[in-house]
Structure formats: C-alpha cells, structure tokens
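Observations on the model geometry
Here are the chains, one letter per residue:
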Amino acid sequence: MKKRFFPALMATAFLASAGIPSAQATEGGGSYAPVAAQQQTAACEGTVTDDTGEPLVGATVKVVGDATKAASTDIDGKFSLKGVKAGSSIIVSYIGYNDKTVVWNGQHLDIKLSEAANTLDEVVVLGYTVQTKESLTGALTSIKDTKLKDVTTPNLANMLNGKVSGVYVAPGSGQPGAGAAVVIRGQASLSGATAPIWVVDGVIVGTGAGDLNPDDVESMTILKDAASTAIYGSDGANGVVVVTTKKGKSGEMKASASVKLGIANLNNGRFEVMDGAGLYDYFASFQNADAIKFTRWTPELRNDNFSWWDLATHTGFSQDYHVSISGGNDKLNSYFSLGYYDEDGAVKGYKFQKYSFRATTEYKPYKFLTIRPTLYGSRRDIEDRQYSVSAMYSMLPWDSPYDEEGNLVPNRYSGWVNSQQNNYLNDLEAGNKGTSVNYEFNGNFDFDVQFTPWLKWQSVNSYRFNQYKTHSYTDPRSVGGEGVDGRIYEWSSDVVRKSTTQKLLFNKMFGTKHRLDGLLAYEYKDYKYTYMSATGVGFVPGIEVLDVTAKPEAVGGGVTEYAVQSYFTKWNYMYDNRYLLEAGFRRDGASNLGQRWGNLYSVSGGWIINRESWFNAPWVSFLKLRASYGSVGNRPSSLYPQYDLYSVGVNYNGVPGALISQIGNKDLTWERTFTGGVGLDANFFNDRLRVNFDWYNKNTDNVIYAVPVTGLVGVTSIYRNIGKMRNRGIELTIGGEIIATRDWTWSLEANLTTNKNELRDLYKQKEADGTMVVKPVIIGDGSGIAGSANRLLEVGEPVDTYWLKEWAGVNPDNGAPQWYMDDEDGNKVITDNYAKADYYKVGSVSPDFYGGFSTSLRWKDLDLNANFGYSVGGKIFNYSRIEYDSDGAYVDRNQMKLQSGWSRWEKPGDIATHPVAKYNNTDKGNLASSRFLEDSDFLKLRSLTVGYNFNQLRRYGISNLRVSLSGENLFTVTKYSGVDPELPASDGVVMGTTGASVYPSVRRFSLGINITL
C-alpha cells in the first residue's frame, strides 16, 4: 500500500487544483449488476481496487469525452460522478497501473486495475524538481525501497552495489557500520573529491547520507550525466544521489513494524594461513633448513597448533527494529518513525548501535500554502575492544596466548618461537578500549506558496548538526601505556551545515500540445567544522577521566569553514508528447578557490519516436532517443588552497612561533567536466521487455592537483590546475517479465557498465637544459604501506595504472626469482637481480566491465529474489602476499597455504610458480612486483531472499504480514587469492591495493518480519 501513497497525493493535488471534488464515501455492493435508470442522467458510483482487492486511494475517474465530469477515489477506493448519461464510457487511471475503460449503464462499478510493469507517468524525484519518467532527457536511474533492502546494513551506499549501471560501489568491510565508496562514471579528478553528492529531501547533506535509517527511504535516484547533474553545479561533478524519504499520506492511519535478526560469520575467501603441522613442513622444506636454530625446532612442533583466527572470531549477531505510523487528511499528513540497529561484530569485541527517529508533517492551512517541517535525529555508539585482525593472520600457530594452566602468557614470552611478539590479549585484559558516540540532528522548515495553478514559490531551509566524540583508554599495564604510565585521549568535533534554497516553479500547458516547466532559484549553504583534542598521561589503572592524568601530553583544536552561493535556472519544454527540450544554467561562487565564480550549463533533448503518426510497430510500447551535453564543476578538497598559510602551532624551546605551511595559488580555478552523451529507452511487448542504453564522454580540464615543489621553504606542494582527463563508457540495462499471470510472475534484470579512463594532459617539469616538458609522475597506490605498489600518471594512460617491476617467473634451473629488464638495445630480457629489473606499466585497477543481475519469482503469496554482482578485467595488488607468501623472508609470522595451481620449486627442472624457499630468504622474490598483481574478476551471489505475504488477515486488522529468510554473500567465484576481490573502501575511497590485515566481509543469514496495520 505504501508505494501507492505518493501517486495518490499527486493525483489528489491535481484534481484539487483543477477544482474537481474528491469522491464522498458511498454504500452499495454488487458487481456490474444492472439497475433501472429512472432519469436520463444519474450518479455513477463504484470502487477501484488493485488485483488483490486493496482500495486505490486517489485514482482518477473520468467520463470519456466530458472533461467536466471527473473525480478521485477516497480512502476506501470509492468514487461518485454526478450527471452521467447511461452508456457513457468511464476511464480510470492511477500512477503505476494500467488504465481501464468500462461502459456504465447504471450499475455499481467494481473496477480492478493491474499494475504496470514500467509506467512512463511515474514521478521521478530529481532533488530540485520532479518529472514524469517519459519527460526525462538525462541519464538517471530510480530505485524503489523494495529493491534496496536485500542487504542488512545501516549504510545507504552499500545498498546500491550492483543495482545501477554506471555506478561502482566498493563495499564496506565486514566490520559493523563500515561505509562504502561510490564512484559514478569513473574517476574525474586527481586530488579533488570523487564521491557523489547526496541530497536528502531536496537538501544537500554532503558526500554521504549520514546516519539516515534505510527503513525511512522511499526511493533513491542516481543522476549521472550533465543534463541531470549540472543543476547542482560544483556539487554535481561526481554525480548525485537523490534520496526521498517516506511521508505521511492522506487516508486512514497506517502503522507498520519490522524486525530483522541476523547472524554473521567471517568469509575469508580463498585466503588461508597454515596450521602448526603445515607451517612446520614448510620450514622443514627450506633449502637451508639447517640454519633454523630456535630451541623449539623439533618434530614435536607439528603438534602445536593454536588458531588465532578462532580465538578472535565468533558468530556475530545483528538486530534491526523499525516502527512507523503515518496518515492524515486533506489538511494535515504526518509520518513518524523510530529505529534501532544493533550489531555485534564477527570479530570479537566490537559493538555497534544506532538509534534514530524521523518526524515529517505536511500542513495545508490554506489552499495556497503548504508547510512541511521535518525533524530527524540519530545517535551512533561504538565500543571497540576488538580482537586483533592482524594477529588472526600473522601470529604463529606454534605460539599460544595461554600457558598450560590457561593463564595468559606475558608479552615477549620466552616460550614462544617468536619471542619478540606481544600477546595482545594482555592489553585487552588490562582494559584498553576505545569508544565513540556520534549525534546527528537535522531540521527542515520547508513551505510552498501556490500563487496561481501554474506558478509556485518553494522554500527549502535546513539546519544540520553533527557532533562526534571519541575516547581512548590505554592502560598503564599495557604495551602502549607502560612507557608513560597510561594514556587517555579525548576528541570532540562539531559540524554545522546550513542551507537555504528559494525556488520559483513554473508549470503550464499552452493549448493542447505545448507544455513548459521552469525553475528559477537561489541557494546558499555554508559549513563549519570545529574540533578539540587532548591527551594526558600518568594515572592510576582503571580511572578513565582525563583530569586525573599527571600531566598533559598534547592538546589540539581548529576551525575550518567554507560557503557556496548559487543562482540557477532550468527549463523543460515538451511538444505534443513527442519532442523534449531541456536547458539549464548555474552560476556558483565558492570560498575555496582563487577565481571564485564559475558558470555551468546543460542542454538536452529527447524524441519519443513511437508517438509519431508514421510509426507502425505495435510490439514497441515506448521508444525514446535522448542526447545531452553540459558542464559541471569541482572544487579542491582543501578549504584554503588560494591562501599563503602559516602554522602557528609550533614552538621552539617552549616559545611559540610560526612556520610557513602552504603557498597559495590565487589563480586556482574550477576543475570542469564537460559531458556529452546519447541514450535510448525502449519498451517492448506491452512493457514486458525494457532496454536502457547510454553512451557518454566525460572530458575534465583544469584538473586540480597538489604539484610537488622543492621543500627548501618547508612546503612540498602547491595546488594548481594542471591537466586534462577523459572518461568514456557505455551503460546497458535490460529487464523484463518472462511470466506475468495472476498466480505466477518471473522477472529478470541485468546491467553492464564499461568505463575507460585516460589522462590527456599533465603539468610540465623542468629538464636539465631548462626546457619544460610533460613527464610521467610516479605516485603511491593510496595504501600508505611502505614497499607497496606504485602508480603512474602518464598522458595517454589510465590514472590508476600500476608501475611495477615485472615478474618473469621462476628459474627452473635453480629456483631463483626472475624479473624483466631492458638491455642496452632496448630488448626485454630476464634478470635474477631485483635491483637491475626495470619498471613497466602492468595493468590498472579499473575493470573492463562490471555490473549485476537479479531475478524475482512469485507464486501467489510466495516469492524468491536473488541479486548477483560481477566484475571483469581489473587488477588488485595483493600486498598481503609480500608478508604471507614470502618464500621464507618473513619467518616471524604465519604464511598462507599454496593454492590450487600453485607450486614451489624443489629441484632443478621444476616448472613452478613459487621460488625456492629459504630461511631468512634474501633473494627479494617477495618485494613489490607484478608477481602479486592479480585479476580482480568475480561473480557474487550478493543476496537471496525467500518471503511469504500473509494477505488474508484483514479481518484481524492486519493489512499485511510478511515473513522472509535471506542470505548475503553466499558465494563468490574468483581466482583472486586474497580475502575478497571487492576490496573494502578506505575512508570513502576506492582501493586497488589490499593490506596485510583485511577485515573480511561477512556471510549473513537473516529472519525478517514485517507487519502493517
């Protein structure tokens, strides 16, 4: 029922603005039973329901050929039309359903509408405006809440994974509350932001949705091309995710509650470390095994087998509760919800909790005035006593944290093989922990003033407050605290976002064929971030208050701010429901650029071909061609790059001073992306088959980058506009209903995305002779790990190109590792000297293509839904193998098992994948090279859900009861040797390198119960 409220509201509002009264409740029964007509005209009465018999509120009922006779159905689905002649045709329409026409001869009408597979008059929320699906000229995808909730997560971004073409999602790790990273149509910046902007109910909230409860979401719309995103100016450079939350609707009060309980276990993929026996046999196979001298080196060591993985892991448990109540009348509609999410991590000691509420109201004190206040709040608590993820992989199975009596052994225990290692359980036993709490509050006061039926003023005003506090306790008895007699750390930060958007909305028909929609708007938003931190050392164990510390160790604090001011307009024209034209312009002024003001624009058009008089293909339900071109802007992540800055937080022998910390660039200007594209939307066989295709070309110039400079004055880089970049790709979505009968439905949908990135220009560097030339730039891979992979910025190549020494395999004669190098003639030859090996371009992170597919099967009230994801062609640098597949170079940590297809060199003539293993190996075969660069191809079953709807409980006041069982991350098909080919995001950034301590994804099974009254 909830999916029909928004169409009902729109239909009721339309009829009210047209002066058409809503129907009053009537009585009577029967179906198409003729009655005697006593007058030439009479009241035509009836009821409109869906296939299940549920009343449709706000359906439009009209007399064909007489526009003055129309009504909308009331909360019981009933209608009444006065003065209708016998024999008149009555047409009934409702957004999301197929129209139906019947002939009235005096009988009571019971009309059932069937749900349309893909309606063209469905309203799509674009943030600043709404449009019908058929009138869209841009590339975008809208997803209803029913398709989002197949995963258990408090983070909205994770719900998009694999569901939208052109959208790449690096999921959060298996740690509770972990966030995802989202990239739309490729990376368009080097050091500016790459995450899309999120818009919640018309308000820009940042590069994430915050702690918004997923159960409060009605729909999400992803805007991808310039025709859709240019209206957002500098905020739309990386795409826009528009979130529409649930609202109260006219009709009887509705209450709903949902419970979802789940269990989760870590999924370590194909990565598996050795047990005690396997590690002993590995050491014994070393070519120089006689060099092993530690005292416990005896065959009995094979029997020592402690699992650090089992120590740290258990079955995690999650519980998600949500209750809501909504309803209203033609004057007042309200929606209120409460949510609670709790998850105990699959790695012991980590607990995540979130509380949320949301209250929205729509009040119409006068016909011309609508007031919409909204309050939203949440609290997120984290208690971190987490067992060590690193130790799960690295600790030797020969070393147990417990002695024979079950007591913890001390740090650097002499009875361990690796006696230099600490027993981290001692720190947990001492009480080391971290806690954090995050408060989020958002208040909106929005209102509409309807001046005329075609002109409206809409005001959107928002205040958003976020407070984050963290506390860290390091006990004096722990490793980190023993040198300073304990450490207590406190951090507190506040973020305030304020915004106001004032819009004039124009919507008018001229004659019967010309429709013009327009927007004139002004927007202002600002941001202020303040923080304070303090660290104290020296205290009595067990006391966790900062003021008991003996002396302060460090204090910190700061304030950062920015503001953006904008003027914009957008106009849509439709002629005869066939030809579409759209144009927009925006002027943005940003505080964090030297050249503050920038102009951005878009133009687009569409042609609905199947509505041409000459078009004669009855099997084509809808066919639209689209084209667009426009520009969006991007700003640097730094808030003050245009200014010369000094750091005054320094001292010399206690005397305060200042050091230069940044050289500003007053000429720094907007990074601009110009996007052109064409698209095709087609429906076939009465909308049973649907195809959406887009081709795009994104050119970015004035690329913002922190250009390296000499560090003689203490500054090592300056922000400059230095280059150009291009992203080009295609997006394809195909879906349809294979079976669609009363009792059976079966649908399939699949999407595919390709994106090719290319650096087109870069800054010039000075040669020895004084000339300025463009040269490749070598950068890190973003992992922050010493000895990890390099990447290359070179014109003509993708910006995520790996720059590594190329692995040449194993010498079959002696088992030595080999690499490639160029000889004096430029020929590529093999060397066994790592220092002589040359660097080559050996692949890139981005896949050749990726996407997802899903299927939905229903038999009566039983349904099954499955969602898959896939990726083909990308590369992962598996750094963990440097440490855990080290050929004997690292003997102080466990090693991974050889996988299927791998082999170790043992004797001359062996053709092996792995070099000879030696104790304390110095052959350098485990140093960074393409040996550890692996294919990231995968196929995943992301979710599988089986549910049953109990629809026969209305007599008990229950509109619907649904029970479901679901599984997530059920299987992955991949050749990647690590934990997961979908690397977890790091601070909202897509990674191409895996570290040595990956928190794996979890395999989850859940029971869900939803009840609606």
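Residues numbered from 1 in each chain as written. Predicted model: local features only at pLDDT ≥ 70, side-chain atom pairs only at ≥ 80, totals over all residues. Heavy atoms only, no water.

A closer look at the overall build of the protein chain
The line we're drawing: What counts as a helix is a DSSP run of H or I of at least four residues, what counts as a strand is a run of E of at least two, and both are numbered from the N terminus. Radius of gyration: over C-alpha atoms. The globule rule applied is 2.2 Å multiplied by the number of residues raised to the 0.38 power. For each residue, the accessible area found with a 1.4 Å probe, counting protein chains only, is set against the maximum for its type, and the residue is called buried under 20%, exposed over 50%, and partly exposed in between. The contact rule is simple, with two residues in contact once any of their heavy atoms fall within 4.5 Å. Throughout, the Shrake-Rupley method with a 1.4 Å probe supplies accessible areas, and for residues the shown protein chains are the sole cover considered. Residues counted as positive are Lys and Arg, residues counted as negative are Asp and Glu, and His and the chain ends are not counted. To locate a charge, the coordinates of NZ of Lys, CZ of Arg, CG of Asp or CD of Glu are taken.
Assigned secondary structure in the protein chain consists of seven helices and 52 strands. Relative to the compact-globule value of 31 Å for 1013 residues, the protein chain shows a C-alpha radius of gyration of 32 Å, a close match. With respect to the principal axes defined by its C-alpha atoms, the protein chain has extents near 110 × 70 × 65 Å. Split into buried and exposed, the 1013 residues of the protein chain put 52% on the buried side. By sequence separation, contacts in the protein chain at least 24 residues apart represent 68% of the contacts at least 6 residues apart. When the accessible surface of the protein chain is totalled, it reaches about 44600 Å², and 55% of it is carbon and sulfur. Averaging the coordinates of the 101 positive side-chain charges in the protein chain and doing the same for the 109 negative ones gives two points 7 Å apart.

Some details on the environment of A170
Mapped onto the secondary structure, A170 falls in strand β11 (residues 167-170). Given a relative accessible area of 1%, A170 falls into the buried group. A170 sits eleven residues away from A181 along the chain, and the two C-alpha atoms are 5.1 Å apart. When residues no more than four places from it in sequence are discounted, the contact partners of A170 are A180, A181, L983, A985 and V990.

Concerning the confidence of the model for the protein chain
Note the cut-off: Here pLDDT means the predictor's own confidence in every residue, given as a number from 0 to 100.
Residues with a pLDDT of 70 or more make up 95% of the protein chain, whose mean pLDDT is 89. In the model, residues 1-39 has pLDDT below 50 throughout and makes 72 contacts with residues more than four positions away in sequence or in other chains.

Quick notes on the UniProt feature "domain: TonB-dependent receptor-like beta-barrel" (unreviewed entry) in the protein chain
Under the convention used in this document: UniProt positions are given in the numbering used here, feature names are shortened, and annotations may be inferred rather than shown by experiment.
As recorded in UniProt, the sites labelled "domain: TonB-dependent receptor-like beta-barrel" (unreviewed entry) are residues 390-970. In residues 390-970, the share of helix is 3% and the share of strand is 58%. The end C-alpha atoms are 25 Å apart.

Observations concerning unusual backbone geometry
Residue R185 is not a glycine yet carries a positive backbone phi of 55°. Structurally, R185 can be placed in the loop between β12 (181-184) and β13 (197-200). On the accessibility criterion, R185 (2% relative accessible area) is buried. Look at N577: it is not a glycine, yet its phi comes out positive at around 55°. Checked against the element boundaries, N577 lands in the loop between β26 (551-575) and β27 (579-590).

Some details on the domain arrangement of the protein chain
Worth spelling out the cut-off: Marked domain ranges trace back to an automatic or database domain assignment.
For the protein chain, the domain assignment lists domain 1 (43-112) and domain 2 (635-668). When each unit is reduced to the centre of its C-alpha atoms, the spacing between domain 1 and domain 2 is 70 Å.

As for the sheet that holds strand β43 (residues 828-831)
Which entries qualify depends on this criterion: When DSSP locates at least two bridges between a pair of strands, those strands are taken to pair. Fitted lines through C-alpha atoms give the axes, limited to the stretch in contact for helices. The angle between two N-to-C directions lies from 0 to 180 degrees.
With antiparallel pairing, the three strands of this open sheet are ordered in space as β41-β42-β43. Each end of this open sheet is capped by a strand with a single partner; those strands are β41 (807-810) and β43. Within this sheet the neighbouring strands show an average axis-to-axis angle of 35°, counted without direction.

Points about the nonpolar core
Worth spelling out the cut-off: For this analysis, a nonpolar core means a set of buried residues of the types Ala, Val, Leu, Ile, Met, Phe, Trp, Tyr and Cys, connected via side-chain atoms within 4.5 Å.
One finds L266, Y802 and F877 to be the most contacted residues of the largest nonpolar core, which totals 46 residues. Broken down by secondary-structure element, the contributors of at least two residues to this core are β17 (251-266), α4 (308-312), α5 (389-394), α6 (424-430), β40 (801-805), β41, β44 (839-844) and α7 (880-884). Counting 26 residues, the second largest nonpolar core, distinct from the first, contains L148, I184, I222 and V243.

What about the environment of L505?
Summarising the element assignment, L505 is placed in strand β24 (residues 487-510). Overall, L505 belongs to the buried group, its relative accessible area being 15%. Taking the C-alpha atoms as reference points, L505 and S986, 481 residues apart in sequence, are found 41 Å from one another. Residues contacting L505, with those up to four places away along its chain left out, are Y128, T129, W454, L455, K456, Q458, G518 and L519.

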